[in-house]
Amino acid sequence: MSDDKLMPLRQKIDAIDAQILDFLNQRARFAQEVGHVKAKTNAPVLRPEREAQVLRKAAERNPGPLLGTDVQTIFREVMSACRALEKRVVVAYLGPEGSFSEQAVYQQFGHAVESFPCTSINEVFHDVEAGTADFGVVPMENSSEGVNSYTRDLLLHTTLTISGEVRIPIRYKLMTKSGNMDDAICICAHSQALSQCTTWLNLNYPGIERRAVTSSAEAVRMASKDATVAAIAGEIVGQKCNLQTVNTHIQDGLNSRARFAVIGHLRTAPSGQDLTSIVLSVPDEADAVYNLLELLAKHGVSMARFESRPECTGAWKYYFHVDLEGHEQDQKVLLEDLRQNASFFKLLGSYPKSL
């Protein structure tokens, strides 16, 4: 296409960009006014339910051709930048940098946050409890690896509450310095990544040594310094290195997803599409579990998840982790019935469903 045809189109785009910039700054000024009002009432800077509502509306109103998910990504970053004008939210996550936990941070909060990696899930809980971080992001479960038992155990004893959930697709790619496997004699990755790519590796590179390392970031570091090493890593790590991609989407389950919990001191209000997480145990008597399920049926509440986990006492007793459809404010009668009939009951939090 000649320049005389491109120029008018580019001029129109430039004019629209100028309008977008004006509207963005108008929005930012209103966000600052909201911040001043919040400061007078000591209201929290972040309202997860409000942000979830904005993102849902953006997707619903979107006429295209942009995809709804792309529109939500744009709006999430706009809200993140506007929120940072009030206060930059501090988020701790299970590291290292480049992990899926870091990806979950940005998917939940946008990039205008101050985030830092922790060496353990326990450290994330501690930093949020101590006020070093406003929120923490910790793994809850993986569609191919199952639940994260350590996170579940810590939720039993913490004063923190779940204020959000993040679900992200698990996608791995194979990378080398050259972009091919001609010189590779070893494939390095975190042990979990190796296990999640086993079928693909057996089919495509059955004769190459596989070596488990401490993290995907370490695998990438090794591959960036040694042409004989190939690395398996997720999207964020790959973006931060100078390696070339050999293959993408090499994970065995093409629909594999990971679920993360956002933990903090904030109790969220209803967003219209929420989950309520509870943990309980039942008396040691016949039909106790049946009676528990009957209570849920009586109130007509749907369960998004029902899992059992043994207590750490070795007494063959179990905790039941339950995710209920709806917000705690809508389920007060049911939650009180469960509390009265359970030998142990804890409300972990109500929060917007992941988009």
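Now for a look at the structure at hand. (Residues numbered from 1 in each chain as written. Predicted model: local features only at pLDDT ≥ 70, side-chain atom pairs only at ≥ 80, totals over all residues. Heavy atoms only, no water.)

1. Re the side chain of Ser101
Right, on to step 1. Checked against the element boundaries, Ser101 lands in helix α4 (residues 100-109).
Right, on to step 2. A relative accessible area of 4% places Ser101 in the buried class.
Right, on to step 3. In terms of polar contacts, Ser101 uses its side chain to reach the backbone carbonyl oxygen of Leu94, at 3.5 Å.
Right, on to step 4. Among residues more than four places away in sequence, those in contact with Ser101 are Tyr93, Leu94, Val137, Pro139 and Phe260. (Helix = DSSP H or I, 4+ residues; strand = E, 2+ residues; numbered from the N terminus. Buried < 20%, exposed > 50% of the residue type's maximum accessible area, 1.4 Å probe, protein only. Polar contact = N/O pair within 3.5 Å; in protein donor to acceptor, adjacent residues only side chain to side chain. Contact = heavy atoms within 4.5 Å.)

2. Some details on the environment of Pro8
Right, on to step 1. In this structure, Pro8 sits in helix α1 (residues 3-41).
Right, on to step 2. Taking the C-alpha atoms as reference points, Pro8 and Ile168, separated by 160 residues in sequence, lie 40 Å from one another.

3. Observations concerning α1
Right, on to step 1. The end-to-end C-alpha separation of α1 is 56 Å, in line with the 57 Å expected for 39 residues at 1.5 Å each.
Right, on to step 2. For α1, the set of buried residues is Ala28, Ala31, Gly35 and Lys38.
Right, on to step 3. The inward-facing, buried residues of α1 abut α3 (68-86).
Right, on to step 4. Positive backbone phi, at 60°, marks Asn42, one or two positions downstream of α1. (Expected span 1.5 Å × (residues − 1).)

4. Considerations on helix α12 (residues 332-341)
Right, on to step 1. For α12, the set of buried residues is Leu334, Leu335, Asp337 and Leu338. Taken end-on, α12 shows its buried residues confined to a sector of 160°, consistent with a single buried face. Structural note: α12 exposes Lys332, Val333 and Gln340 on the side pointing more than 90 degrees away from its buried face.
Right, on to step 2. Residues of α12 that are buried make contact with β12 (274-281), α11 (288-298), β14 (318-325) and β15 (344-352). (Arc of directions from axis to C-beta.)

5. Overview of unusual backbone geometry
Right, on to step 1. Of the consecutive residues Gly64 and Pro65, the connecting peptide bond is found in the cis state with omega at 10°.
Right, on to step 2. Examined against the element boundaries, Pro65 turns out to sit in the loop between α2 (48-61) and α3.
Right, on to step 3. Omega for the bond connecting Gly95 with Pro96 falls within 30 degrees of zero, at 10°, which places this linkage in the cis form.
Right, on to step 4. Locating Pro96 in the fold gives a position in the loop between β1 (90-94) and α4.
Right, on to step 5. We note that Asn42 has phi near 60°; this positive angle belongs to a residue other than glycine.
Right, on to step 6. Structurally, Asn42 can be placed in the loop between α1 and α2.

6. Focus: the environment of Glu123
Right, on to step 1. By the secondary structure assignment, Glu123 is in helix α5 (residues 121-130).
Right, on to step 2. Given a relative accessible area of 27%, Glu123 falls into the partly exposed group.
Right, on to step 3. Spatially, the C-alpha atoms of Glu123 and Asp3 are 57 Å apart, while their sequence positions differ by 120 residues.

7. Some words on the pairing of strand β7 (residues 186-190)
Right, on to step 1. Within β7, four of the five residues are buried, leaving the element largely enclosed by the surrounding structure.
Right, on to step 2. Bridging between β7 and strand β8 (residues 209-213) involves five bridges; their strand directions are parallel. Across the sheet, residue His190 finds its bridge partner in β8, namely Val213.
Right, on to step 3. Bridge count between β7 and strand β9 (residues 229-233): three bridges; the pairing is parallel. If you follow Cys186 over to β9, its bridge partner there is Val229. (Pairing = 2+ DSSP bridges.)

8. Regarding the sheet that holds β8
Right, on to step 1. Judged by pairing direction, the sheet is mixed, and its five strands sit side by side in the order β8-β7-β9-β6-β10 without closing on themselves. Every other strand in the sheet has two partners, leaving β8 and β10 (244-248) as the edge strands with one partner each. Between one strand and the next, the sheet's axes are offset by a mean angle of 30°, whatever the strand orientation.
Right, on to step 2. Packing against the sheet, helix α9 (residues 216-225) makes contact with β6 (173-176), β7, β8 and β9, and its axis sits at approximately 150° to β9. (Axes fitted to C-alpha atoms, helices over the stretch in contact; angles between N-to-C directions.)

9. Comments concerning the sheet that holds strand β13 (residues 303-310)
Right, on to step 1. Judged by pairing direction, the sheet is antiparallel, and its four strands sit side by side in the order β13-β14-β12-β15 without closing on themselves. Each edge of the sheet is formed by a strand with only one pairing partner; in this case those strands are β13 and β15. Here the strands of the sheet are splayed against their neighbours by 15° on average, with no regard to which way each runs.
Right, on to step 2. By the bridge criterion, seven bridges tie β13 to β14 in an arrangement that is antiparallel. Residue pairing for β14: Arg305 is matched across the bridge by Asp323.

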